[in-house]
Structures are given as structure tokens and as C-alpha cells.
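# A look at the structure
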Amino acid sequence: MLDQKYVIENIEQVIKRLNDRQDDFSYLKQLVDLSDQRKKLIAKSEKLKEIRNSNSKKVGELMAAKKVSEADELKKLILEAKKTIESLDEKLTIVEEKIKAILDVTPNIPDESVPVGKGEDDNVEIRKWGNIRKINNVKEHWEIATNLDIIDFERGTKLSGSKFIIYKGLGARLERAIMNLMLDEHLKRGYVEVIPPILVQPQIMHGTGNLPKFAADAYYVEKDNLFLIPTAEVPVTNMYREEILQESHLPICHCAYTPCFRQEAGSAGKDTKGIIRLHQFNKVEMVKITTQEESFNELEKMVNDAEHILQLLEIPYRVIILSTGDMGFSSSKTYDLELWMPGQDKYREVSSCSNCKDFQARRIKLRYKDNSGIVKLAHTLNGSGLAIDRVIAAILENCQNADGSVTVPKSLRPYLGTDKIS
């Protein structure tokens, strides 16, 4: 959530910078008038409360002096003041709810270092890694997986509908091996592993910016008023909500393996085959809580941590910085890692690493006390480390052999117990 005071005091600049996201944010001008209404209502209410308190004191003095009729007249004035104050407070609540409703659906301001662009075509490539292997008669991952009998697409659909799958045999073991490799490597780099709940309360989803804007993408359990998480970022970031941390304890770095659930309401017709876009998928997530001064340094480290996994797996990839028109709602700056998919002849996203600055921290009231004793909003970061299903797809396509088998990357062999899937 943006800082209301900052938005109102810099309304034209804020609208201009947000418009770089390729949407119209002129509706924010309502905040100026609403803020003015709020100030006036508060001023009227406080003035009436002063008069009420003064009259209440006089009533006591008059009663002590046995001036009952005068005291009764003042009591009538106090009662009228009370009713007026209640009316003003009701109006104030309505105004504040309108302000909150506007800010709730307003995304983060892009950092000045983010390239301005209309969408993904304007993303900027930072670097590439790995050699792209030439593969004759290249097959796509779903064909390979079906032939090897390691993913059952038909029975997954039979159980739960489209975009649900069943890993089986070496497919299930491969998923588990990749998860263990990722977690082990993140632990070596200073992350603390957590296993969070995958059902969370609405305010937890709101805290990371998933509600109210993206309610249509979420799976909701109405009976218990709980949401299935779309990513471990949601519960892990909220672990520290409404807390004041010590600067000496920062950065806090966590990694977590969870299943994730997304309805993909805005992605109808995309990636209908394979495991690139599923309603239930598995992911290792990285989350950092940092000081304001160090968040961008920690973002670069997070990107390197995600790259490290792809390098161990020997999968060619590239790093891009997202343009203003392609950024996520809560992010102020995002790097995407895209792995090479020879079967599709293109790069596909496997990780987004984002610095949300104080956008999420303001929603969840996450603060820290710096070394001089000043309390500040923390900065929050998140990144996939990595999306396991997409890594599996990339391994199947990049490591396929002419005989239909798949060579297992060296880093995975100790976990999987074999060097080939056939």
C-alpha cells in the first residue's frame, strides 16, 4: 500500500509514475478531496469534544452549587454534542474507508531504475548463461513425460479437471530431488527454511497485495474463510506482521517449499498442454525482510541465489529486468529468470525476484528499529527459487536424448539415485 500522505502531497508526480504501468491512475485525484474532507471532519469532531468536555466539567460545578436547572440545560447541550460527534465519526469512517479502498487497488510505484515500457516486449535483457544445445527432432516436455510414463496428464484431469497432473515413478522422485537440491543450496547461502501453512486468512492475502485486486485468481474455502496460497511469499512475509524488529536482526532470509494454487483466471487458453501453467504447482520460495538502505543490494543477491540453482542444473537461462508495463502489483523492481525451452524454441519464466520496498510492510505494519532507535517500515523481497514444475519441463527438453531417455543433471544424481530416466 502506498503512503497516503506522500501520494496526496505529490499527486501529479505519483500519477505520472504510475501511468508508466500502462494504465490510467487519474482516479487518485479523488484522494486530495477525500483527505480534505477527513481533515475537516476531524477538526469539527475535536472542537465539539473540547466543548463537550468543558461543559461536562461545568455541570459538576453547577450541581455542586445546587444550580440544577442550569446544569440540566448544559446536559441537553452535551447530549446534542454527543449526537453530532457520533454523526461526524460515522462520516469520517465512510471517508476513511473510501481512501483505503482506493489505495488497496493501487499498485506500487516503479523504481526509477525500471525501464519504461508497454509490456513484456520492452523488458530488458541483462545477461545470458549457458550453451544452447542443438537437438535433432526435438520434442516438447509433455510428449517426453508421457512416453517415459513419469507424468499422468489424463488421470490428473480425471481427478481434478484441466491443468492438474499426477507425477509418478521417477517423475515424482525427480520433483522431490529438485526440491531437496534447491532447499539445501539456499540453506548454504544463509536462508532459514520454514514450512508455513498453505491455508491463510483473508488479511494475510491482503498483506502481500493478493487481495482485493486478484481475488479472481485465488482458491477460496468459504466454510472456513481461508485461502489456498498462490505462493509461499504470502504466509512467510506475513510471519512478521505487526512486529517491530531490531536492525541487528536484519536481513531475515527464509526459504520455503510449498504447493501453490492459482486459478489463472486471466490466462484462459494459454499453455493448455504440459506443466508450464498449472492450477496446483510446486515451488521453493525465497523471502527477505531488510532495512530500507540494503533492500536493493539484497535483491541482487537474491537473483544470484536463483541463478545458482539453474547453473547447478546446467540449464541455459537469461536474466531480464521487467519494464513498467509488465511488473507485478506489489513490486517496485523485478528481475525475471527465464530458462531455455528447446521444445518451444523460446525462454520461459522460472523465477521473478522482486523488491517491494515498504509497499507490503505498510499493509502488514512490519517495522524495525534502526541502530539510532528510530522505527521505520521494513522492506520486503520475494523470489522463486525456483518453480519446480517449470524446471522439470526444462530438464526434460534440454536433456532429452535421441532414444527417448533423459540425462539427469549431475547435481541431481545423488538425490535421484540414477543418471538417466528411461
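Residues numbered from 1 in each chain as written. Predicted model: local features only at pLDDT ≥ 70, side-chain atom pairs only at ≥ 80, totals over all residues. Heavy atoms only, no water.

### What to know about the overall build of the protein
Assigned secondary structure in the protein consists of 13 helices and 18 strands. A compact globule built from 422 residues should have a C-alpha radius of gyration of about 22 Å, whereas the protein, at 27 Å, is more than 25% larger. Dimensions of the protein, computed from the C-alpha atoms along their principal axes, are close to 105 × 45 × 40 Å. Taking as baseline every contact in the protein between residues at least 6 positions apart, the subset at least 24 positions apart corresponds to 73%. Total accessible area computed for the protein in this model is approximately 20600 Å², and 48% of it derives from carbon and sulfur atoms. Side-chain charges in the protein split into 62 positive and 64 negative, and the spacing between the mean points of these groups amounts to 3 Å. (Helix = DSSP H or I, 4+ residues; strand = E, 2+ residues; numbered from the N terminus. Rg over C-alpha atoms; globule rule 2.2 N^0.38 Å. Contact = heavy atoms within 4.5 Å. Areas by Shrake-Rupley, 256 points an atom, 1.4 Å probe, with all protein chains shown as cover. Lys, Arg positive; Asp, Glu negative; His and termini not counted. Charge placed at Lys NZ, Arg CZ, Asp CG, Glu CD.)

### Focus: the packing of aromatic side chains
Counted under the stated rule, the structure contains 6 aromatic pairs. When the centroid spacing of 4.7 Å and the interplanar angle of 40° are considered together, the rings of Tyr220 and Phe227 count as tilted. Judged by its relative accessible area of 38%, Tyr220 falls in the partly exposed class. The buried category is assigned to Phe227, whose relative accessible area is 8%. Between Trp340 and Tyr347 the ring centres are 5.1 Å apart and the planes differ by 65°, which places this aromatic pair in the edge-to-face class. The pair formed by Trp340 and Tyr347 is uniform in burial state, with each residue classed as buried. Aromatic rings pair up to connect Phe214, Phe329 and Phe359 into one cluster. (Phe/Tyr/Trp six-rings, centres within 6.5 Å; stacked < 30°, edge-to-face > 60°. Buried < 20%, exposed > 50% of the residue type's maximum accessible area, 1.4 Å probe, protein only.)

### Notes on the domain arrangement of the protein
Domain annotation of the protein identifies domain 1 (4-105) and domain 2 (120-421). For domain 1 and domain 2, the distance between their C-alpha centres works out to 45 Å. Contacts between domain 1 and domain 2 engage 7 residues on the former and 10 residues on the latter. A buried area of about 680 Å², summed over both sides, lies between domain 1 and domain 2, and 44% of it is on carbon and sulfur atoms. Of all residues in domain 1, Arg21, Asp104 and Val105 bury the most surface against domain 2, accounting for 74% of the area lost on that side. (Domains from an automatic or database assignment. Buried area = accessible area lost by both parts, 1.4 Å probe.)

### Brief notes about the sheet that holds strand E6 (residues 219-221)
In a beta sheet, neighbouring strands pair by backbone hydrogen bonds and run either parallel or antiparallel. The 3 strands lie next to each other as E5-E7-E6, forming an open sheet whose pairing is antiparallel. Two strands bound the open sheet, and with one partner strand each, they are strand E5 (199-200) and E6. As paired elements, E6 and strand E7 (residues 226-228) share 3 bridges and run antiparallel to each other. Bridging across to E7, Val221 finds its partner in Leu226. (Pairing = 2+ DSSP bridges.)

### A word on the UniProt feature "binding site: ATP" (unreviewed entry) in the protein
In the numbering adopted here, UniProt assigns the feature "binding site: ATP" (unreviewed entry) to Arg262, Gln263, Glu264, Glu349, Val350, Ser351 and Ser352. Beyond its immediate sequence surroundings of up to four residues, Arg262 is in contact with Asp217, Tyr219, Pro230, Thr231, Leu278, His279, Phe281 and Lys283. Within the structure, the side chain of Arg262 is placed 3.0 Å from the backbone oxygen of Pro230, a separation counted as a polar contact. Taking relative accessible area as the criterion, Glu349 reaches 32% and is therefore assigned partly exposed. In contact with Glu349, not counting residues within four places along its chain, are Asp336, Leu337, Glu338 and Arg390. Within the structure, Glu349 has its side chain in polar contact with the side chain of Ser352 (distance 3.1 Å). (UniProt positions renumbered as here; feature names shortened; annotations may be inferred. Polar contact = N/O pair within 3.5 Å; in protein donor to acceptor, adjacent residues only side chain to side chain.)

### Some points on the state of the cysteines
For the coordinates displayed, the defined rule picks out 0 disulfides. Summary of cysteine pairing: Cys260 is not part of a disulfide, and the nearest cysteine sulfur, belonging to Cys255, is at 14 Å. (Disulfide = S-S within 2.5 Å.)

### Topic: unusual backbone geometry
In this structure, the amide linkage connecting Leu211 to the following residue, Pro212, adopts the cis form with an omega of 0°. With respect to the helices, strands and loops of the structure, Pro212 is situated in the loop between helix H8 (202-207) and E6. Note the cis peptide between Gly385 and Leu386, where omega equals 20°. Relative to the helices and strands, Leu386 resides in strand E16 (residues 379-387). Notably, Lys163 is not glycine yet its phi reads approximately 65°, a positive angle. Looking at the element boundaries, Lys163 is found in the loop between helix H6 (153-160) and strand E3 (166-167). On the basis of relative accessibility, which here comes to 15%, the residue Lys163 falls in the buried class. Positive phi, close to 60°, is recorded for Glu314, a residue that is not glycine. Here Glu314 is to be found in the loop between helix H10 (295-312) and strand E11 (317-321). What makes Glu314 partly exposed here is its relative accessible area of 46%.

### What about the environment of Phe164?
Mapped onto the elements, Phe164 comes out in the loop between H6 and E3. Along the primary structure Phe164 and Arg277 are separated by 113 residues, whereas in three dimensions their C-alpha atoms are 9.5 Å apart. If we ignore the near neighbours within four places in the chain, the residues touching Phe164 are Phe153, Gly156, Thr157, Tyr219, His279 and Gln280.

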